[in-house]
Protein chains: 2
Amino acid sequence: MNDFELMRELHISGQGKILLLVMDGLGGLPMEAGGPTELEAAHTPNLDALAQDSICGLSVPVGPGITPGSGPGHLALFGYDPLRYEIGRGVLEACGIDFPLQKEDLAARGNFCTVDSEGRIVDRRAGRIPTEKGAELAAMLRQITLPGVEIFVEPVREYRFVLVIRGEGLVDDLTETDPQQLGVPPLPVKALSPQAEATATLVNEWIARARQILADQHPANMVLLRGLSKEPGLPQMGDIYGLRPAAIATYPMYRGVAKLVGMDVLPTGDSIEDEIATLKAHWEEYDFFYFHVKKIDSAGEDGDFARKVSIIEHVDRVLPEMLALKPAVVIVTGDHSTPARLKSHSWHPVPAMLWSSHCRPDEVSQFGERACMRGGLGTFPATDLLPLAMANALRLTKYGA
Amino acid sequence: MNDFELMRELHISGQGKILLLVMDGLGGLPMEAGGPTELEAAHTPNLDALAQDSICGLSVPVGPGITPGSGPGHLALFGYDPLRYEIGRGVLEACGIDFPLQKEDLAARGNFCTVDSEGRIVDRRAGRIPTEKGAELAAMLRQITLPGVEIFVEPVREYRFVLVIRGEGLVDDLTETDPQQLGVPPLPVKALSPQAEATATLVNEWIARARQILADQHPANMVLLRGLSKEPGLPQMGDIYGLRPAAIATYPMYRGVAKLVGMDVLPTGDSIEDEIATLKAHWEEYDFFYFHVKKIDSAGEDGDFARKVSIIEHVDRVLPEMLALKPAVVIVTGDHSTPARLKSHSWHPVPAMLWSSHCRPDEVSQFGERACMRGGLGTFPATDLLPLAMANALRLTKYGA
């Protein structure tokens, strides 16, 4: 019996609402030996006070030593084994721009890139062209038609776009065209199974036409395609947990993942304050809120320790507004670590706390990496969090007599 | 997806070298209530200093309550689930003496033993005859020939030898002949599947001939065979992790395991100083070094608390020489516990620390059993260590988008 069978069997209706606050890339590292991490350095009286009454620990998104992308990191927080359930990059990107993906659509994440006169890649991101330029080029690519399929080309931001091919019998067992290095030409799409041959031929034909159309453009005179994939058909959170789930996130990719697991994605603005306003406005309509704060991760990726600290402190300041809504269960954690020191996602377990009036608090009174190491949850799989939240919301009945 | 699939998929090339220092049988127990363990009693300033900057924990080689043999204990440290991957004793012993085992060879670990006039075992180790005598007897057994197969009898040390039968279609689904008690005769080899019947008959015929040849010898007048097995075809570390792995070990069995997982086994001498010289001499050639110190376990097996302490202190004294080579990642642990108090391997979790400049240090500042209980790695499966080492050496890329 897998965990979802248990959740499906045991979930009962309840009143308590669950708030999952995801501080993207929360976990960090000291910049020098003996120093504090970003979260430890931040002045977080509200998070610390919540930790005092919570059970804390360190969450492992995928497995020991495994650095998660945002998709796997979030799936785990929603209770999905990220090694079992995978979302292709193309699908993630399409969902993130609210593209109404259909079950049989093939989606790819596209980059505009720059190639030299020999067709060799000289810039994989075409000098990060402005978003407006990307939109203009995407519109040009819409003139490509191929027999038997409908084709969509949608700009995302800067040099990124989504390609969606809609038709019968498309198979996503395909390689990518981005060689991930400079000085070589883009790769052709190859079929990884005989069934995918026809789809590979189709995509390669589209690429050939795109090359012709973009030939005179500069610097974006070619495309790269990654993550050619179809909608993965994930089990839906409403069915698994009996919850009415909603997502509040400012960035496309996170809205995309939320939609794939069956959340209602609420329209919101760009700031944390906008997100809080959205949370308040929809508080009565849902049982479960996934609340995503992106910019902590961005600061980590930029190697900006001070900015990461500052955004963590920003979240701390607005936390009381969330708590004032009286959720039955509050989880505060991240989908992965992004230490400023490494300027990238990392494998390090992520500080996590679960508060409810029914939790059994440990002795942790500061929300930080080293404090959470001594927490009552220990170092645990991220997929444990949602079942624990369900239990603390009194939304699970007894297993067995 | 199992862990090896993930490791195969995610490993990237890198510069950082990994040093896995295995202090065989490291874990211990207090001799009396409230006392220190061997490791806690030892004066280990260098290990303690390393622990201060490391993440520590207690490693579980196989599972709770399970006492590992050296094979499973080491497989786990190399990242192989010891319940899934098994190495027969015969194969281990053959590899340990550098016997060039072929894929279809059947290998058995042999003991010369003493039987009485009724054929009942009176000494399972034939009074631990000297190695020279063992070699002489092995040479006598080489006169046995059987139709359709080639037979090798190789001395190991003292009363131990290896029997290898080379031929077509040998099946290793066989019982052992050592009843592991005195006063009863050796058991016949039995087939555990119909396919193994012919092989069982063949081995029993060899035993009958050995009995005749040894009849007049004393005390070694009979043989016992254990672990009749074929090469298990383990996945190779180079393929799994993309590492160039090397092993430095003074005892045959450990070189054997290392060879089976695809390490280059480096020639070395008998002392820890010899091993360090070997490490230095080959430092540039490899990415991963398994460095094995045997005598800690031997002292534990002998119930010699003080000697175990003293060898641990010896390792501590030479640790700086290893660290001076500037490995990117250092793991110090054991393959299992061997408390002097129990005079045998035991099920107790093994102190472990992982140092790298990217690890997230915990508050442990002494390398010992009770200190490691509070470490950031908690009590964890030994198979986690190699993925963590890979991550800390920056040799794994991100999982998923």
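Residues numbered from 1 in each chain as written. Chains lettered and ligands numbered in written order. Predicted model: local features only at pLDDT ≥ 70, side-chain atom pairs only at ≥ 80, totals over all residues. Heavy atoms only, no water.

A. Quick peek at the overall build of chain A. Of the regular secondary structure elements, chain A holds 14 helices and 13 strands. Rg of the C-alpha trace for chain A: 22 Å, near the compact-globule value of 21 Å for 401 residues, within the 12% margin. The principal-axis extent of the C-alpha atoms belonging to chain A is close to 65 × 50 × 40 Å. Looking at chain A residue by residue over its 401 residues, the buried ones come to 59%. Considering only contacts within chain A whose residues lie at least 6 apart along the sequence, 74% involve residues at least 24 apart. For chain A, the separation between the mean place of its 37 positive charges and that of its 53 negative charges on side chains is 1 Å. (Helix = DSSP H or I, 4+ residues; strand = E, 2+ residues; numbered from the N terminus. Rg over C-alpha atoms; globule rule 2.2 N^0.38 Å. Buried < 20%, exposed > 50% of the residue type's maximum accessible area, 1.4 Å probe, protein only. Contact = heavy atoms within 4.5 Å. Lys, Arg positive; Asp, Glu negative; His and termini not counted. Charge placed at Lys NZ, Arg CZ, Asp CG, Glu CD.)

B. Just the sheet that holds strand β11 (residues 329–333) of chain B, in detail. Residue and element names in this part refer to chain B. Taken in spatial order, the 8 strands make up an open sheet running β9-β8-β10-β1-β11-β12-β2-β13, and their pairing is mixed. Across the chains shown, the open sheet's two edge strands, defined by having one partner strand only, are β9 (264–265) and β13 (378–381). In this sheet, β9 lies alongside strand β8 (residues 245–248) in parallel orientation, the contact comprising 2 bridges. Note on β9: the bridge partner recorded for A246 is D264. The sheet strands contacting helix α3 (residues 45–52) are β1 (18–23), β2 (55–60), β11 and β12 (350–356), and the helix crosses β12 at an angle near 65°. (Pairing = 2+ DSSP bridges. Axes fitted to C-alpha atoms, helices over the stretch in contact; angles between N-to-C directions.)

C. Representation of the layout of surface pockets in the model. Of the volumes computed, that of the largest pocket is approximately 1,800 Å³. Lining the largest pocket are 50 residues; nearest its centre among them are R89, R109 and M253 of chain A together with K398 and A401 of chain B. If you list the elements that add at least two residues to the lining of the largest pocket, you get α4 (70–77), α5 (89–96), β3 (106–115), β5 (150–157), β7 (222–229), α9 (252–260) and α11 (295–301) of chain A together with α1 (3–10) of chain B. Residues of the lining of the largest pocket, tallied by class, amount to 18 nonpolar, 12 polar and 20 charged. Estimated volume of the second largest pocket: approximately 1,400 Å³. Lining the second largest pocket are 37 residues, with S70, R89, R109, R160 and M253 of chain B sitting closest to its centre. Of all the secondary structure elements, the ones that give two or more residues to the lining of the second largest pocket are α4 (70–77), α5 (89–96), β3 (106–115), β5 (150–157), α9 (252–260) and α11 (295–301) of chain B. Class assignment for the residues of the lining of the second largest pocket results in 13 nonpolar, 9 polar and 15 charged. (1 Å grid on protein atoms, 1.4 Å probe; cavity = no way out; pocket = protein on both sides within 12 Å on 5 of 7 lines; lining within 4 Å. Points joined across faces, edges and corners; volume = space filled by probe spheres on them. Nonpolar A, V, L, I, M, F, W, Y, C, P; charged D, E, K, R; others polar.)

D. Quick peek at the sheet that holds strand β2 (residues 55–60) of chain A. Residue and element names in this part refer to chain A. Strands sit in the order β9-β8-β10-β1-β11-β12-β2-β13 across an open sheet of 8 strands; the sheet is mixed. Both edges of this open sheet fall to β9 (264–265) and β13 (378–381), since each of them pairs with a single strand only. Examined bridge by bridge, strand β1 (residues 18–23) and strand β10 (residues 288–293) share 6 bridges and lie parallel to one another. From the neighbouring strand, L19 faces β10, where its bridge partner is F289. Contacts from α4 reach β1, β10 and β11 (329–333) within the one sheet, and its direction differs from that of β1 by about 155°.

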